[in-house]
Amino acid sequence: MRKPSVELLLLGFLSSCEGSFSALSPAGDKAHTIANIFWVLSSVGLVIWLIFVSLQFYIYKIRRGPHDQKKTQLLVIGGGVIFPLILITISIYYTLRPLPELVARAPSGSLAIKVSGLQWWWRVNYLIDGKEIELANEIWLPVNEPVQLYLESEDVIHSFWVPSLAGKMDTIPGRRTHLSFTPTKTGHYRGVCAEFCGTGHALMQMDVKVVEKKVFDEWLERQRTPALSDGSRGEKVFITNGCIACHTVRGISDIGKLGPDLTHVGSRHRIAGGILLNNKTSLRDWIDHTEIIKPEVKMPSFKMLTDEDKNHLAEWLEGLK
Amino acid sequence: MKKWVKPIIVFLLISGVIGGLTMVSGIVPIGASGGHWPITEWILSFSMERSIKTRSIMLESPDLNDPAMIQRGAGHYEIGCRHCHGTIDKTNFLGTKSTPEAPLLSEEIPHWKARELFKIVKHGVKFTGMPAWPSLEREDEIWDVVAFLLHFKKINDDDYHDIIGTKDIIDPFIKKCSICHGSDGNGRLDGAFPKLSGQNEVYLESSLHSYKKGERNSGTMELVAHSLEKESIRELARYFSKQPRTHTKSNAPLESIERGRKIAEEGIKPQHVAACISCHGSTNPHFPDLRGQPAGYLRTQLKLFMEEKRGGSAYKILMEKAVMKLSPSQIEDVSNYYESLVFKKKN
């Protein structure tokens, strides 16, 4: 039997370059620039590598024995000093040239969003007409419109990274950093924290959805609307068991400022800092086994609630669309 | 030299065999009625004294003159210690029947420093009837008892009954609780004990169960709750929850109360402290009603929560997560605030 070929192995690696987590399938202007730099530098590197390997092949296999000293000296100085000097200078120029564009702010009047990193989730505030609409772990953006992100941290250093849309940017306590880009392709992208921030670092993710402007406006309008009290048992469980100490559900209670806003938690793709697909079972598991799913999380698990109460609560949360 | 080795080995072997046979045969009396030989008595008490003195050197005693500490210590003494150690006028009846005899405290206390008493009360004493403190997490309670013990030598039997205060309580059902909490559940001395009066019945019941199971830590309350049956727990919870809660005017400065109000109503976001009212203002009967509770009691509980030493019902984890980062002065403020609130019965 034939051994698995190298090509097949490479194919396995390349398959992970596609998809919602990849910097190599760019869907934003800045990500494009970065991907281009990657491809150009890699190609140049590949060419140089090929030349170098060919030269080695030539001297070891084709023309063994002593070479003409003058020619060799020329090659060593030319290929070993002058050529790299020129090439590196060009590369530095090539990679630094787009920097001003990469760090430029979005034009004023662009959509502005404040994103704060916390152990281990993202607080998202849309700044609309001087007002803040607080959401969590999920960002929607209109396609082909620039967006300005203000990045902050409420505890330690995190780093905001949605590989398909832009480069990463640290969020630093006591300081505001900036990131702006224009998404160019509708789709569903994933983001992560890219700076080690404690036990739950790997469990700190987010969803970013790029949609048509009209869909975005409808979505934002829905997110802006407070939830309606329906007097259900789930709602009562939420209010009377201390959930409101940390979580706000606009229209029901706004005491809680510590944890994620849950006004429309049912509309999100994922819960628990972007790690569990959002459905009743996940919600129920999260309420029950919070600290098992995400060790050292700030939220206590609510094991003490009756099974019935937990079900009602999960059902009510899922219904907050 | 060599000729001595053999007889010594033979001697040791023979003594070992005789000793072993004596033990196995069971002819040695082990009864407490017999007492010790003077030599045994001396060896035991001498080594005990040395051990206590050496092992307590590093301890530092807090201020022990607080009347609330003395009052709490007295409560525990009445429930846990008096049977063996007696009071000044009355002898230690049960204590005289053990070997070694439980010392009469009035004679014994002057020999010891506060930190040494702490060591004895906390860990008990081997080869005697002195047990260790039921809940080693609660060193604050042990210092209460030490405060009382140091006070004890100055009072007579009448004083003792004044401080215990159960002379007029005939109902045996609530007598034990009344020693500390008063017959109406409002606490015997202002500020020394939590008010049980008007407290949520469900909370009182689950607290007693937690004490009984050792899930809430207290050397005194675990001792009391351990002997209570399920039925009595329910009835006691019902009885005290029905008593009217009295209000004691707070002496705390108004600014402190105001700061406490802000913490209670809004929490402290940068410190990740949640607003107290989200649970303690809710209708859930598992959450205790804190209005009018003595600030001293609240302070102790908050500190215990922060050190994860309080324990409690299954809901305790909410508090452990909610107060992780309160500073001492914030604890003071929020305790003062709840003490200042006037209790009104919920509908």
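Residues numbered from 1 in each chain as written. Chains lettered and ligands numbered in written order. Predicted model: local features only at pLDDT ≥ 70, side-chain atom pairs only at ≥ 80, totals over all residues. Heavy atoms only, no water.

1. A word on the interface of chain B and chain A
Part 1 of the reasoning: Across the boundary between the two partners, chain B contributes 18 residues, which contact 21 residues of chain A.
Part 2 of the reasoning: Roughly 1,600 Å² of surface becomes buried between chain B and chain A when both sides are summed, with 69% attributable to carbon and sulfur atoms.
Part 3 of the reasoning: In this structure, the connection of chain B to chain A is made through one salt bridge.
Part 4 of the reasoning: Of the charged contacts in the structure, one is a salt bridge between Lys321(B) and Glu291(A), with a shortest N-O distance of 2.9 Å.
Part 5 of the reasoning: Viewed at the interface, chain A and chain B are joined by six residue pairs in polar contact (both at pLDDT 80 or more).
Part 6 of the reasoning: Of all the elements in the fold, those that place two or more residues in the side of chain B that touches chain A are helix 13 (277-280) and helix 15 (316-322) of chain B.
Part 7 of the reasoning: Class assignment for the residues of the side of chain B that touches chain A results in ten nonpolar, five polar and three charged. (Contact = heavy atoms within 4.5 Å. Buried area = accessible area lost by both parts, 1.4 Å probe. Salt bridge = Lys/Arg side-chain N within 4 Å of Asp/Glu carboxyl O. Polar contact = N/O pair within 3.5 Å; in protein donor to acceptor, adjacent residues only side chain to side chain. Helix = DSSP H or I, 4+ residues; strand = E, 2+ residues; numbered from the N terminus. Nonpolar A, V, L, I, M, F, W, Y, C, P; charged D, E, K, R; others polar.)

2. What to know about the layout of surface pockets
Residue and element names in this part refer to chain B.
Part 1 of the reasoning: Here the second largest pocket defines a volume of roughly 1,400 Å³.
Part 2 of the reasoning: Around the second largest pocket, the lining comprises 50 residues; the ones closest to its centre are Met-48, Ile-120, Val-125, Thr-128 and Met-130.
Part 3 of the reasoning: The greatest single-element share of the lining of the second largest pocket, amounting to ten residues, is contributed by helix 2 (residues 38-55).
Part 4 of the reasoning: A breakdown of the residues in the lining of the second largest pocket according to their chemical character gives 26 nonpolar, 16 polar and eight charged. (1 Å grid on protein atoms, 1.4 Å probe; cavity = no way out; pocket = protein on both sides within 12 Å on 5 of 7 lines; lining within 4 Å. Points joined across faces, edges and corners; volume = space filled by probe spheres on them.)

3. Quick look at the sheet that holds strand 10 (residues 205-211) of chain A
Residues and elements named next belong to chain A.
Part 1 of the reasoning: The sheet built from five strands is open, its strands ordered 4-10-9-6-7 with mixed pairing. Two strands in the sheet have a free side with no partner beyond their single neighbour: strand 4 (138-142) and strand 7 (169-171). Taking each pair of neighbouring strands and ignoring which way they run, the sheet shows an average axis angle of 25°.
Part 2 of the reasoning: As defined by bridge partners, strand 6 (residues 158-161) adjoins strand 9 (residues 187-193) across two bridges and the pair is classed as antiparallel. Residue Trp-161 lies in a different strand from strand 9, and its bridge partner there is Val-192. (Pairing = 2+ DSSP bridges. Axes fitted to C-alpha atoms, helices over the stretch in contact; angles between N-to-C directions.)

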